[in-house]
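Results of the structural survey
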Amino acid sequence: MLVTNKDLLVPARRKGYAVGAFNVNNLETVLAVAEAATEEKSPAIIAVTPSAIKYAGLPYVSKIVKTAAESSSVPMSLHLDHGEDFETVSKCVAAGFTSVMIDGSHLKFEENIALTKKVVDLAHPKGVSVEAELGRLAGIEEKTVEEKEAILTDPNSAKEFVTRTGADALAVAVGTSHGAYKFKGEAKLDFERLKTISGEIDLPLVLHGASSVPAWIIEKAAKYGAELGGARGIPEDQVIRAISLGIAKINIDTDLRLAFTATVREVLANQPKEFDPRKILGPAKEAMKEVVKGKMRLFGSSGKA
Ligand code: G3H
Ligand code: 13P
Ligand code: ZN
């Protein structure tokens, strides 16, 4: 069934687990998430970025995800990830998204508040949940203390931000970043900062850039020709610690991309005569589904639907 992020995340924060938000941009990824959620009896968030919308087309992507959610026995939401402006958000709300993120993290504090509040005023009367972001997701290695303070979420302003905007969930910057190259050395998140923020705010907190970049996928990709040297993600024990400190939504894109492409490489290498897309993309879907199921177990959302 199709629900909002608020429906999924409020119980998650209260009970101490997290719901995965999985980025999709094609049919196979939607199927992988929906099938994994059903088999794990887990809630799931299906996340669509503006560039995924550009790639697949808003009517296609929204209808495919809605079809998956509405024909499923477990609760799923259709979420706009990193909505960049009011127009994009408005179009997604009109297309039936049940949750939107407005990413004003690049704006000045007052401008971020004003834009987020404008989105909340549009979304809430229509029953659509809103995620906002305070602080910027960027690699923080080799940055000075002053630079880190400028990038990471300021616990002192987080409470004011959520109170004044009325957002339903807050994405925080505590040292993660998007993509497959998160750390050169040891992974290090600012758990003290996260603890302080979650002490101030009882809304569900969101961790972007949370892929773990599993070694087995990198090895499989490399075996079949990928060049991914130095790829490194968030170790699973750190993900678990983040959940214990109030993270209730965890965004995963990179691990799905890696599983998909590693498997496509494997099939093409092992079956050079194959040219039926279903025989190539089917195994890629299965590989993503295993990744999603693993995340659901790790995040504690399995069995919660
Ligand atoms: O922020 C989420 C992504 O990992 C970037 O996705 O390439 O669809 O914009 P995108
Ligand atoms: P990853 O690149 O770590 O998968 O993060 C995805 C994300 O935050 C999408 O919003
Ligand atoms: Zn993100």
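Here we summarise the structure given alongside this text. (Residues numbered from 1 in each chain as written. Chains lettered and ligands numbered in written order. Predicted model: local features only at pLDDT ≥ 70, side-chain atom pairs only at ≥ 80, totals over all residues. Heavy atoms only, no water.)

Focus on the site of ligand 1
The line we're drawing: Here a residue counts as near a molecule or strand whenever at least one of its heavy atoms sits within 4 Å of it. Here a polar contact is taken to be a pair of N or O atoms separated by no more than 3.5 Å, where protein atoms must pair a possible hydrogen donor with a possible acceptor and residues adjacent in sequence count only if both atoms sit in side chains. Note on areas: Shrake-Rupley, 1.4 Å probe, and residue coverage restricted to the protein chains presented here. Polar here means any residue other than Ala, Val, Leu, Ile, Met, Phe, Trp, Tyr, Cys and Pro, which are nonpolar, and Asp, Glu, Lys and Arg, which are charged; Gly is therefore polar.
Every residue close to ligand 1 is listed here: T49, S51, D81, H82, H178, D253 and R257. T49 places a polar side-chain atom, nitrogen or oxygen, 2.6 Å from an oxygen atom of ligand 1. Notes on ligand 1: free accessible area 310 Å², of which the protein chains cover 70%. Residue composition of the shell around ligand 1, by class: no nonpolar, four polar and three charged.

Points about the nonpolar core
Most often, soluble globular proteins have nonpolar side chains that are buried together. Definition in use: What is meant by a nonpolar core is a set of buried Ala, Val, Leu, Ile, Met, Phe, Trp, Tyr and Cys residues, joined one to another through side-chain atoms within 4.5 Å. Relative accessible area decides the class of each residue, using a 1.4 Å probe on protein chains only: under 20% of the type maximum gives buried, over 50% gives exposed, and in between gives partly exposed. Secondary structure is summarised from DSSP: a helix means a run of H or I of at least four residues, a strand means a run of E of at least two, and numbering begins at the N terminus for each.
In terms of nonpolar packing, the biggest core is built from 89 residues, with F97, V100, L170, L194 and I250 touching the most fellow members. The leading source of residues in this core is helix α13 (residues 277–299), at nine residues. Of all hydrophobic cores here, the second largest spans 13 residues; its members include V19, I45, M101 and A171.

A look at the sheet that holds strand β5 (residues 129–134)
This is how it is decided: Here, any two strands with at least 2 DSSP bridges between them count as paired. The axes are straight lines fitted to the C-alpha atoms, using for helices just the contacting stretch, and the angles between their N-to-C directions are given from 0 to 180°. Contact between two residues is taken to exist if any of their heavy atoms lie within 4.5 Å; hydrogens are not considered.
An order of β1-β2-β3-β4-β5-β6-β7-β8 is seen for the eight strands of this closed barrel, with the pairing classed as parallel. Sheet twist, expressed as the mean angle between neighbouring strand axes with direction ignored, is 25°. Sheet analysis places β5 next to strand β6 (residues 169–172), joined by four bridges and oriented parallel. When the sheet's bridge partners are listed, A132 is paired in β6 with L170. Along the sheet, helix α1 (residues 5–15) contacts β1 (19–23), β2 (44–48), β3 (76–83), β4 (99–102), β5, β6, β7 (205–207) and β8 (247–252); its crossing angle with β8, the most-contacted strand, is approximately 125°. This element, helix α6 (residues 109–123), spans β4 and β5 of the sheet and lies at about 175° to β5.

With respect to the site of ligand 2
Taken together, 14 residues surround ligand 2, and among them D81, K182, S211, D253 and T254 come closest. Between H82 and ligand 2, the recorded distance is 3.2 Å, taken from a side-chain N or O atom to an oxygen atom. For ligand 2, an oxygen atom lies 2.6 Å from a polar atom in the side chain of T254. Here ligand 2 loses 97% of its free accessible area of 310 Å² to cover by the protein chains. Of all the secondary structure elements, the ones that give two or more residues to the shell around ligand 2 are β3 and β8. Tallied by class, residues from the shell around ligand 2 come to two nonpolar, nine polar and three charged.

Thoughts on the environment of A262
Residue placement: A262 occurs in helix α12 (residues 254–270). Along the sequence, A262 and K220 sit 42 residues apart, while their C-alpha atoms lie 6.1 Å from each other. Beyond its immediate sequence surroundings of up to four residues, A262 is in contact with I217, K220 and A221.

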